[in-house]
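What follows is the residue order along each chain.
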Amino acid sequence: GLAAGQATVAAAVGAAAGVAPLQLTLSQLAYSNLGGRGPSDSVPEGIRFSEVARVEGKPVDMVINAAGAYEPADASLNGQLWSESNHGSDGAIGTLSVKAGAKVELKVSFVDGATDMPVTMPAFFFSVFGLEDHGFEDEEVFVSGLHEIFLDRDASLQYRPAPGGYIFWPKPLAEGAPS
């Protein structure tokens, strides 16, 4: 499940030394139909957030597509989660539901909000919340294209290099600890 702060990784993707990363804003969900599984109908496959940033004065959209098979636990949970406790000024984080035991490969793209042409992004932070160690299933995230990794001192996850990127997964829970 998603629990903000339970396991967090922030990666500065494409960051150049001395350049402050962009803060992405996920407050405008255009549609949610990852893998063609809904909940939105009659929209393209994927999840699209409008105006996540402005680059060179132009609005940039973020599009997340399934790069293969996708099996949700509950597709109605895909899109965004609003909470005053979420990190960021707009209170929205993106959410994805994946059925236990399943895996999904995602492609994240940034496009001009008016033309759909690809946009090269300056540095930005990318965070993953809600990775949990259930003791019977593996939850992990593979991320490529990142420049630096920032982990909170008390982060409840670990990572290792993998070909083309890094794999992040939760640390085992201490006996008797709440999940």
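Values in this document were obtained by computation on a predicted structure and should not be read as measured data.

Caption draft 1: Region of the structure containing the overall build of the protein chain. Within the protein chain, the regular secondary structure consists of 0 helices and 12 strands. Scanning the protein chain from its N terminus toward the C terminus, one meets helices and strands in the order β-β-β-β-β-β-β-β-β-β-β-β. Scored against the burial criterion, the 179 residues of the protein chain give a buried share of 36%. Residue pairs in contact within the protein chain that sit at least 24 positions apart in sequence constitute 60% of those at least 6 positions apart. With an accessible surface of roughly 10500 Å², the protein chain has 51% of that area assigned to carbon and sulfur atoms.

Caption draft 2: Up close: the sheet that holds strand β7 (residues 106-112). Sheet architecture is open: 4 strands sit in the order β2-β3-β4-β7, paired in antiparallel fashion. Of all the strands in the sheet, the pair left with one neighbour each is β2 (29-33) and β7. Across the sheet, the mean angle from the axis of one strand to that of its neighbour is 25°, orientation sign disregarded. One ladder, built from 7 bridges, connects strand β4 (residues 58-66) with β7; its direction is antiparallel. When the sheet's bridge partners are listed, Met-62 is paired in β7 with Phe-110.

Caption draft 3: How the structure looks around the side chain of Asp-61. Relative to the assigned elements, Asp-61 resides in strand β4. A polar side-chain atom of Asp-61 sits 2.9 Å from the main-chain amide nitrogen of Glu-51. Residues within four places of Asp-61 in sequence aside, it is in contact with Arg-48, Phe-49, Ser-50, Glu-51, Val-52, Ser-109, Phe-110, Val-111 and Gly-113.

Caption draft 4: Geometry of a nonpolar patch on the surface. Residues Leu-96, Val-98 and Leu-106 make up a contiguous nonpolar surface patch of roughly 190 Å² in combined accessible area. Topologically, Leu-106 is positioned in strand β7. Taking the relative accessible area as the measure of exposure, Leu-106 reaches 31% and is therefore partly exposed.

Caption draft 5: The packing of aromatic side chains, seen in detail. The final tally for this structure, using the stated rule, is 2 aromatic pairs. Note on Tyr-159 and Tyr-166: the rings are 5.9 Å apart at their centroids and 70° apart in plane angle, and the pair reads as edge-to-face. The class for Tyr-159 is partly exposed, based on a relative accessible area of 36%. By relative accessible area, Tyr-166 is classed as partly exposed at 26%. With centroids separated by 5.5 Å and ring planes inclined at 35°, the aromatic side chains of Tyr-159 and Phe-168 adopt a geometry described as tilted. Three or more aromatic residues link up through ring pairs in this structure, and these residues are Tyr-159, Tyr-166 and Phe-168.

Caption draft 6: A look at the side chain of Asp-112. Note that Asp-112 resides in strand β7. Nearest to the buried, unbridged Asp-112 among oppositely charged side chains is Lys-58, at 4.6 Å. A distance of 2.7 Å separates the side chain of Asp-112 from the backbone nitrogen of Ala-114, its partner in a polar contact. Among residues more than four places away in sequence, those in contact with Asp-112 are Arg-48, Lys-58, Pro-59, Met-117 and Val-119.

Caption draft 7: Spotlight on the sheet that holds strand β11 (residues 157-162). The sheet built from 3 strands is open, its strands ordered β9-β12-β11 with antiparallel pairing. Strand pairing shows two members of the sheet lacking a second neighbour, β9 (141-144) and β11, which therefore form its edges. Along the sheet, successive strands turn relative to each other by an average axial angle of 25°, direction set aside. Looking at chain direction, β9 and strand β12 (residues 165-170) are connected through 4 bridges and run antiparallel. Looking across to β12, one finds that Ser-144 is bridged to Gly-165.

Caption draft 8: Main features of the pattern of salt bridges. Under the counting rule described, the total for this entry stands at 4 salt bridges. Connected through shared salt-bridge partners, Arg-48, Asp-61 and Asp-116 make up one network.

What counts, and at which threshold
- Every residue gets a number counted from 1 within its own chain, in the order that chain's sequence is written.
- Given that the model is predicted, a residue must reach a pLDDT of at least 70 before its local features are reported, and side-chain atom pairs must reach 80 or more before they are shown or counted; all residues, however, enter totals for whole chains, interfaces and linings.
- Side-chain metrics rest on all non-hydrogen atoms present in the structure, leaving aside hydrogens and water.
- Secondary structure elements follow DSSP: runs of H or I no shorter than four residues count as helices, runs of E no shorter than two count as strands, and numbering proceeds from the N terminus.
- Only protein chains enter the calculation, and the probe is 1.4 Å; a residue is then buried if its accessible area is under 20% of its type maximum, exposed if over 50%, and partly exposed in between.
- Residue contacts follow a heavy-atom distance rule, with two residues in contact if any of their heavy atoms lie within 4.5 Å.
- In these tables, accessible area is a Shrake-Rupley quantity obtained with a 1.4 Å probe, and a residue counts as shielded only by the protein chains included in the view.
- For two strands to be treated as a pair, DSSP must find at least two bridges joining them.
- Whenever a helix is involved, its axis is fitted only over the stretch in contact; in every case the axis is a line through C-alpha atoms, and angles between N-to-C directions fall within 0 to 180 degrees.
- Pairs of N or O atoms within 3.5 Å make up the polar contacts considered here, provided that, within protein, one atom can donate a hydrogen while the other can accept it, and that residues adjacent in sequence are counted only when both atoms are side-chain atoms.
- Each patch is built from salt-bridge-free residues with over 30% relative accessible area, joining like charges within 9 Å and nonpolar side chains (Val, Leu, Ile, Met, Phe, Trp, Tyr) within 5 Å.
- Any carboxyl oxygen of Asp or Glu within 4 Å of a side-chain nitrogen of Lys or Arg constitutes a salt bridge here.
- Note on ring pairs: Phe, Tyr and Trp rings are taken, using the six-membered ring of Trp, and paired if centres are within 6.5 Å. Classes follow the plane angle, with under 30 degrees stacked, over 60 edge-to-face and the rest tilted.
- Note on charges: Lys and Arg go in the positive column, Asp and Glu in the negative column, and His and the chain ends are not counted at all.

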